[in-house]
Amino acid sequence: MSVPVLLVTGFLGAGKTSFINQLLQADHGLRIAAIVNDFGSINIDAALLEGAADGVIGLKNGCICCSLQGDLLRTLKIVLNQNPGTDHIVIEASGVADPAGIAQSLTDPVLWSQVRLETIACLIDVPDLAARADDPLWKAQVSGSDIHCLAKTEGTTLTELTAVHGTLADLGKQHVFDLSKGFPQMAVFHPEPRKRTALNKPLQDDRFAHLEWQYNGKIDLRRFQSVMSALAPDLLRAKGFVWVAEGSLLFQMTGTRATLSRAPEVASAAQQGCRLVLIGERKRFDADRVEQQLNGLIA
Ligand SMILES: Nc1nc2c(ncn2[C@@H]2O[C@H](COP(=O)(O)OP(=O)(O)OP(=O)(O)O)[C@@H](O)[C@H]2O)c(=O)[nH]1
(Lines give C-alpha, C1' and ligand atoms only; values in the text may rest on other atoms or scores of the structure.)
Protein backbone atom coordinates (compact mmCIF):
# COMPACT_ATOMS: atom_id res chain seq x y z
CA MET A 1 0.00 0.00 0.00
CA SER A 2 1.51 3.34 -1.00
CA VAL A 3 1.88 6.18 1.51
CA PRO A 4 -0.30 9.26 0.81
CA VAL A 5 1.42 12.61 0.27
CA LEU A 6 0.01 16.00 1.17
CA LEU A 7 1.76 18.78 -0.72
CA VAL A 8 1.50 22.21 0.93
CA THR A 9 1.97 25.23 -1.28
CA GLY A 10 1.38 28.98 -0.95
CA PHE A 11 3.25 32.23 -1.53
CA LEU A 12 6.22 33.36 0.59
CA GLY A 13 5.16 33.70 4.22
CA ALA A 14 1.55 32.62 3.57
CA GLY A 15 1.57 30.33 6.62
CA LYS A 16 2.70 26.92 5.28
CA THR A 17 5.03 26.01 8.17
CA SER A 18 2.49 27.15 10.78
CA PHE A 19 -0.16 25.04 9.04
CA ILE A 20 2.09 21.96 8.97
CA ASN A 21 2.91 22.45 12.66
CA GLN A 22 -0.82 22.43 13.44
CA LEU A 23 -1.33 19.38 11.25
CA LEU A 24 1.47 17.49 13.01
CA GLN A 25 0.07 18.33 16.41
CA ALA A 26 -3.58 17.61 15.61
CA ASP A 27 -5.25 14.68 17.36
CA HIS A 28 -5.26 12.12 14.53
CA GLY A 29 -2.86 9.47 15.86
CA LEU A 30 -1.06 9.28 12.51
CA ARG A 31 2.70 9.04 12.06
CA ILE A 32 3.52 11.90 9.73
CA ALA A 33 6.94 12.61 8.21
CA ALA A 34 7.69 16.08 6.83
CA ILE A 35 9.92 17.26 4.00
CA VAL A 36 10.48 21.00 3.82
CA ASN A 37 12.03 22.97 1.00
CA ASP A 38 13.26 26.34 2.14
CA PHE A 39 14.51 29.07 -0.13
CA GLY A 40 18.21 29.11 0.69
CA SER A 41 20.64 26.82 2.42
CA ILE A 42 19.74 27.83 5.97
CA ASN A 43 16.74 25.65 6.62
CA ILE A 44 14.71 27.64 9.14
CA ASP A 45 11.46 25.73 8.52
CA ALA A 46 13.05 22.35 9.25
CA ALA A 47 14.36 23.76 12.54
CA LEU A 48 10.85 25.01 13.41
CA LEU A 49 9.20 21.66 12.68
CA GLU A 50 11.85 19.50 14.31
CA GLY A 51 10.41 17.61 17.23
CA ALA A 52 6.84 17.87 15.94
CA ALA A 53 7.03 15.37 13.09
CA ASP A 54 8.16 11.75 13.09
CA GLY A 55 10.98 12.69 10.75
CA VAL A 56 11.81 16.08 9.28
CA ILE A 57 14.12 16.46 6.34
CA GLY A 58 15.05 19.83 4.91
CA LEU A 59 15.90 20.24 1.25
CA LYS A 60 18.33 23.08 0.81
CA ASN A 61 19.61 25.34 -1.91
CA GLY A 62 17.01 25.25 -4.58
CA CYS A 63 13.39 24.80 -5.29
CA ILE A 64 11.72 21.39 -5.56
CA CYS A 65 9.59 22.59 -8.45
CA CYS A 66 12.72 22.82 -10.61
CA SER A 67 16.33 22.22 -9.57
CA LEU A 68 15.69 19.84 -6.67
CA GLN A 69 13.33 17.33 -8.27
CA GLY A 70 15.90 14.51 -8.13
CA ASP A 71 16.64 15.36 -4.51
CA LEU A 72 12.95 15.18 -3.66
CA LEU A 73 12.64 11.68 -5.07
CA ARG A 74 15.80 10.57 -3.24
CA THR A 75 14.54 12.17 -0.03
CA LEU A 76 11.18 10.44 -0.29
CA LYS A 77 12.96 7.11 -0.55
CA ILE A 78 15.11 7.95 2.51
CA VAL A 79 12.00 8.96 4.48
CA LEU A 80 10.30 5.68 3.63
CA ASN A 81 13.37 3.63 4.53
CA GLN A 82 14.05 5.44 7.80
CA ASN A 83 10.41 5.55 8.92
CA PRO A 84 8.82 2.27 7.82
CA GLY A 85 5.56 2.87 9.74
CA THR A 86 4.88 6.28 8.22
CA ASP A 87 1.15 6.82 7.61
CA HIS A 88 1.41 10.10 5.74
CA ILE A 89 4.08 12.36 4.24
CA VAL A 90 3.69 16.11 4.13
CA ILE A 91 5.86 18.14 1.76
CA GLU A 92 6.20 21.89 2.20
CA ALA A 93 7.03 23.57 -1.09
CA SER A 94 9.03 26.77 -1.05
CA GLY A 95 6.98 29.95 -1.40
CA VAL A 96 8.34 30.53 -4.91
CA ALA A 97 7.41 27.08 -6.26
CA ASP A 98 4.67 26.19 -8.70
CA PRO A 99 3.14 22.98 -7.29
CA ALA A 100 2.67 21.64 -10.85
CA GLY A 101 6.42 20.94 -11.03
CA ILE A 102 6.40 18.96 -7.79
CA ALA A 103 3.20 17.14 -8.75
CA GLN A 104 4.88 16.16 -12.00
CA SER A 105 7.91 14.68 -10.29
CA LEU A 106 5.65 12.74 -7.93
CA THR A 107 4.10 10.95 -10.90
CA ASP A 108 7.40 9.05 -11.30
CA PRO A 109 6.13 5.51 -12.05
CA VAL A 110 8.68 3.78 -9.80
CA LEU A 111 7.82 6.05 -6.89
CA TRP A 112 4.06 5.76 -7.41
CA SER A 113 3.98 2.24 -5.97
CA GLN A 114 5.47 3.61 -2.73
CA VAL A 115 3.96 7.09 -2.40
CA ARG A 116 0.98 8.74 -4.04
CA LEU A 117 0.22 12.44 -4.24
CA GLU A 118 -3.19 12.67 -2.64
CA THR A 119 -3.91 16.33 -2.00
CA ILE A 120 -2.37 19.70 -2.79
CA ALA A 121 -3.30 22.30 -0.16
CA CYS A 122 -2.70 26.00 -0.79
CA LEU A 123 -2.27 28.48 2.03
CA ILE A 124 -3.77 31.90 1.32
CA ASP A 125 -2.46 34.90 3.24
CA VAL A 126 -5.72 36.84 3.37
CA PRO A 127 -4.35 40.32 4.29
CA ASP A 128 -1.81 39.92 1.45
CA LEU A 129 -4.41 38.97 -1.16
CA ALA A 130 -4.80 42.41 -2.72
CA ALA A 131 -1.06 42.54 -3.45
CA ARG A 132 -1.05 39.00 -4.82
CA ALA A 133 -4.25 38.44 -6.82
CA ASP A 134 -2.69 39.36 -10.20
CA ASP A 135 0.58 37.55 -9.57
CA PRO A 136 1.06 34.67 -12.08
CA LEU A 137 2.93 32.53 -9.53
CA TRP A 138 0.20 33.03 -6.91
CA LYS A 139 -2.42 32.13 -9.51
CA ALA A 140 -0.48 28.99 -10.49
CA GLN A 141 -0.29 27.96 -6.83
CA VAL A 142 -4.02 28.54 -6.30
CA SER A 143 -5.12 26.94 -9.58
CA GLY A 144 -2.89 23.91 -9.09
CA SER A 145 -4.29 23.11 -5.62
CA ASP A 146 -7.21 20.95 -4.51
CA ILE A 147 -8.06 22.67 -1.26
CA HIS A 148 -7.43 26.19 0.03
CA CYS A 149 -6.79 27.24 3.60
CA LEU A 150 -7.27 30.85 4.62
CA ALA A 151 -4.63 32.09 7.07
CA LYS A 152 -4.42 35.32 9.07
CA THR A 153 -8.15 36.03 8.87
CA GLU A 154 -8.36 37.36 12.44
CA GLY A 155 -9.55 40.94 12.14
CA THR A 156 -10.83 40.46 8.59
CA THR A 157 -14.31 41.86 7.98
CA LEU A 158 -17.14 39.77 6.53
CA THR A 159 -17.02 41.87 3.35
CA GLU A 160 -13.29 41.17 2.95
CA LEU A 161 -13.82 37.44 3.54
CA THR A 162 -16.66 37.35 1.01
CA ALA A 163 -14.33 38.98 -1.52
CA VAL A 164 -11.68 36.29 -0.85
CA HIS A 165 -14.23 33.52 -1.40
CA GLY A 166 -15.33 35.35 -4.58
CA THR A 167 -11.74 35.50 -5.91
CA LEU A 168 -11.28 31.78 -5.25
CA ALA A 169 -14.69 30.92 -6.75
CA ASP A 170 -13.70 32.86 -9.90
CA LEU A 171 -10.71 30.51 -10.14
CA GLY A 172 -13.08 27.54 -9.78
CA LYS A 173 -12.06 26.80 -6.17
CA GLN A 174 -14.76 25.52 -3.83
CA HIS A 175 -13.01 23.66 -1.00
CA VAL A 176 -12.03 26.59 1.18
CA PHE A 177 -11.28 26.38 4.92
CA ASP A 178 -10.87 29.36 7.22
CA LEU A 179 -8.16 28.25 9.67
CA SER A 180 -9.35 30.74 12.32
CA LYS A 181 -12.54 28.63 12.58
CA GLY A 182 -10.56 25.48 13.45
CA PHE A 183 -8.16 23.10 11.78
CA PRO A 184 -9.71 20.85 9.09
CA GLN A 185 -10.31 17.18 9.91
CA MET A 186 -7.62 14.85 8.55
CA ALA A 187 -10.24 13.32 6.24
CA VAL A 188 -10.16 16.56 4.23
CA PHE A 189 -6.58 15.77 3.16
CA HIS A 190 -7.32 12.12 2.74
CA PRO A 191 -10.14 11.95 0.20
CA GLU A 192 -11.34 9.28 -2.16
CA PRO A 193 -8.68 8.89 -4.89
CA ARG A 194 -8.59 12.09 -6.94
CA LYS A 195 -8.39 12.04 -10.67
CA ARG A 196 -5.57 14.37 -11.66
CA THR A 197 -6.14 15.71 -15.10
CA ALA A 198 -3.20 16.75 -17.31
CA LEU A 199 -0.90 18.96 -15.30
CA ASN A 200 -0.04 22.44 -16.51
CA LYS A 201 3.52 23.18 -17.57
CA PRO A 202 5.16 24.48 -14.37
CA LEU A 203 5.77 28.20 -14.21
CA GLN A 204 9.48 29.06 -13.96
CA ASP A 205 9.61 32.31 -12.03
CA ASP A 206 13.11 33.70 -11.61
CA ARG A 207 12.16 37.11 -10.32
CA PHE A 208 13.32 36.40 -6.76
CA ALA A 209 16.70 36.91 -5.13
CA HIS A 210 17.78 36.06 -1.63
CA LEU A 211 20.53 36.59 0.88
CA GLU A 212 21.56 34.33 3.73
CA TRP A 213 23.24 36.06 6.63
CA GLN A 214 24.96 34.32 9.52
CA TYR A 215 26.94 35.62 12.46
CA ASN A 216 28.22 33.52 15.33
CA GLY A 217 27.71 36.12 17.99
CA LYS A 218 25.19 38.37 19.70
CA ILE A 219 23.76 41.50 18.11
CA ASP A 220 21.94 44.47 19.57
CA LEU A 221 18.16 44.02 19.36
CA ARG A 222 17.26 47.71 18.92
CA ARG A 223 19.80 48.16 16.13
CA PHE A 224 18.55 44.98 14.44
CA GLN A 225 14.97 46.28 14.56
CA SER A 226 16.00 49.58 13.07
CA VAL A 227 17.98 47.90 10.23
CA MET A 228 15.04 45.62 9.41
CA SER A 229 12.60 48.58 9.37
CA ALA A 230 14.87 50.31 6.85
CA LEU A 231 15.12 47.18 4.68
CA ALA A 232 11.44 46.18 4.92
CA PRO A 233 10.12 48.11 1.87
CA ASP A 234 12.47 46.12 -0.42
CA LEU A 235 11.78 42.69 1.09
CA LEU A 236 9.01 40.16 0.48
CA ARG A 237 10.07 37.86 3.29
CA ALA A 238 12.67 37.57 6.02
CA LYS A 239 12.98 34.97 8.75
CA GLY A 240 15.45 33.35 11.05
CA PHE A 241 17.01 33.39 14.47
CA VAL A 242 18.76 36.31 16.12
CA TRP A 243 20.90 35.98 19.23
CA VAL A 244 20.56 39.02 21.47
CA ALA A 245 21.07 39.84 25.16
CA GLU A 246 17.52 38.56 25.83
CA GLY A 247 18.35 35.12 24.33
CA SER A 248 17.64 33.45 20.99
CA LEU A 249 14.66 35.01 19.19
CA LEU A 250 12.69 33.90 16.14
CA PHE A 251 12.27 36.75 13.68
CA GLN A 252 9.48 36.61 11.09
CA MET A 253 8.67 39.25 8.50
CA THR A 254 6.13 38.95 5.70
CA GLY A 255 5.73 42.14 3.71
CA THR A 256 5.98 44.87 6.32
CA ARG A 257 4.54 42.81 9.21
CA ALA A 258 7.31 41.70 11.57
CA THR A 259 7.33 39.70 14.79
CA LEU A 260 9.98 38.62 17.29
CA SER A 261 9.30 35.78 19.69
CA ARG A 262 11.31 33.39 21.83
CA ALA A 263 12.88 30.73 19.58
CA PRO A 264 11.34 27.28 20.05
CA GLU A 265 13.38 25.15 22.45
CA VAL A 266 14.43 22.55 19.87
CA ALA A 267 15.58 25.25 17.49
CA SER A 268 17.29 27.43 20.12
CA ALA A 269 19.23 24.47 21.60
CA ALA A 270 21.21 24.27 18.38
CA GLN A 271 21.16 28.01 18.01
CA GLN A 272 24.12 30.10 19.11
CA GLY A 273 24.31 33.11 16.87
CA CYS A 274 22.22 34.62 14.09
CA ARG A 275 20.86 32.90 10.99
CA LEU A 276 18.66 34.92 8.65
CA VAL A 277 17.19 34.44 5.18
CA LEU A 278 15.97 37.55 3.35
CA ILE A 279 14.05 37.39 0.05
CA GLY A 280 12.93 40.05 -2.38
CA GLU A 281 12.26 40.70 -6.04
CA ARG A 282 15.49 41.24 -8.00
CA LYS A 283 14.36 44.65 -9.25
CA ARG A 284 14.25 46.02 -5.67
CA PHE A 285 16.49 43.65 -3.74
CA ASP A 286 20.13 44.68 -3.68
CA ALA A 287 21.85 41.78 -1.87
CA ASP A 288 25.10 43.74 -1.37
CA ARG A 289 23.29 46.65 0.25
CA VAL A 290 21.26 44.30 2.48
CA GLU A 291 24.41 42.47 3.53
CA GLN A 292 26.24 45.72 4.23
CA GLN A 293 23.41 46.92 6.48
CA LEU A 294 23.37 43.63 8.39
CA ASN A 295 27.16 43.58 8.71
CA GLY A 296 26.82 46.98 10.38
CA LEU A 297 25.25 45.12 13.31
CA ILE A 298 28.51 43.39 14.09
CA ALA A 299 30.08 45.75 16.56
N1 LIG B 1 -1.93 36.08 12.70
C2 LIG B 1 -1.58 34.99 12.02
N3 LIG B 1 -0.30 34.82 11.69
C4 LIG B 1 0.02 33.70 11.02
C5 LIG B 1 -0.94 32.72 10.63
N6 LIG B 1 -0.30 31.76 9.93
C7 LIG B 1 1.01 32.12 9.89
N8 LIG B 1 1.19 33.29 10.55
C9 LIG B 1 2.45 34.03 10.73
O10 LIG B 1 2.96 34.37 9.42
C11 LIG B 1 4.38 34.31 9.41
C12 LIG B 1 4.82 33.34 8.30
O13 LIG B 1 4.31 32.06 8.63
P14 LIG B 1 5.00 30.72 8.09
O15 LIG B 1 4.13 29.60 8.56
O16 LIG B 1 6.43 30.68 8.44
O17 LIG B 1 4.83 30.96 6.54
P18 LIG B 1 5.46 30.08 5.34
O19 LIG B 1 4.46 30.09 4.26
O20 LIG B 1 5.91 28.75 5.85
O21 LIG B 1 6.71 30.95 4.95
P22 LIG B 1 7.86 30.60 3.86
O23 LIG B 1 8.23 29.15 4.08
O24 LIG B 1 8.99 31.52 4.20
O25 LIG B 1 7.30 30.86 2.52
C26 LIG B 1 4.79 33.85 10.80
O27 LIG B 1 5.10 35.00 11.57
C28 LIG B 1 3.54 33.17 11.35
O29 LIG B 1 3.48 33.20 12.75
C30 LIG B 1 -2.32 32.95 10.99
O31 LIG B 1 -3.23 32.19 10.66
N32 LIG B 1 -2.57 34.11 11.68
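Residues numbered from 1 in each chain as written. Predicted model: local features only at pLDDT ≥ 70, side-chain atom pairs only at ≥ 80, totals over all residues.

Draft legend 1. Seen up close, unusual backbone geometry. Here the phi dihedral of lysine 152 falls at roughly 65°; this positive angle occurs in a residue that is not glycine. Checked against the element boundaries, lysine 152 lands in the loop between β6 (147–151) and α8 (158–170). Taking the number of C-beta atoms within 10 Å as the measure of exposure, lysine 152 has 21 and is therefore buried. (Helix = DSSP H or I, 4+ residues; strand = E, 2+ residues; numbered from the N terminus. Buried ≥ 20, exposed ≤ 12 C-beta atoms within 10 Å, placed from the backbone.)

Draft legend 2. Summary view of the packing of helix α9 (residues 221–231) against helix α11 (residues 287–295). Two numbers describe how α9 lies on α11: the axes approach to 10 Å, and their chain directions differ by 165°. The angle between the axes of α9 and α11 places the two elements in the roughly antiparallel class. At the point where α9 passes α11, the crossing takes the right-handed sense. Contacts between α9 and α11 pair Val227, Ala230 and Leu231 from the former with Val290, Gln293 and Leu294 from the latter. Considering only residue class, the contact of α9 with α11 consists of five nonpolar, one polar and no charged. (Axes fitted to C-alpha atoms, helices over the stretch in contact; angles between N-to-C directions. Parallel < 35°, antiparallel > 145°, perpendicular 65-115°, else oblique. Left-handed = near helix turned anticlockwise from the far one by under 90°. Contact = placed C-beta atoms within 7 Å. Nonpolar A, V, L, I, M, F, W, Y, C, P; charged D, E, K, R; others polar.)

Draft legend 3. Geometry of the pairing of strand β2 (residues 32–37). Buried residues dominate β2, accounting for six of its six residues. Side chains Ile32, Ala34 and Val36 project from β2 onto one buried face, and the interleaved Ala33, Ile35 and Asn37 project onto a second face that is buried too. Direction of pairing for β2 relative to strand β4 (residues 88–92): parallel, over a ladder of five bridges. Paired with isoleucine 35 across the two strands is isoleucine 91, which belongs to β4. (Pairing = 2+ DSSP bridges.)

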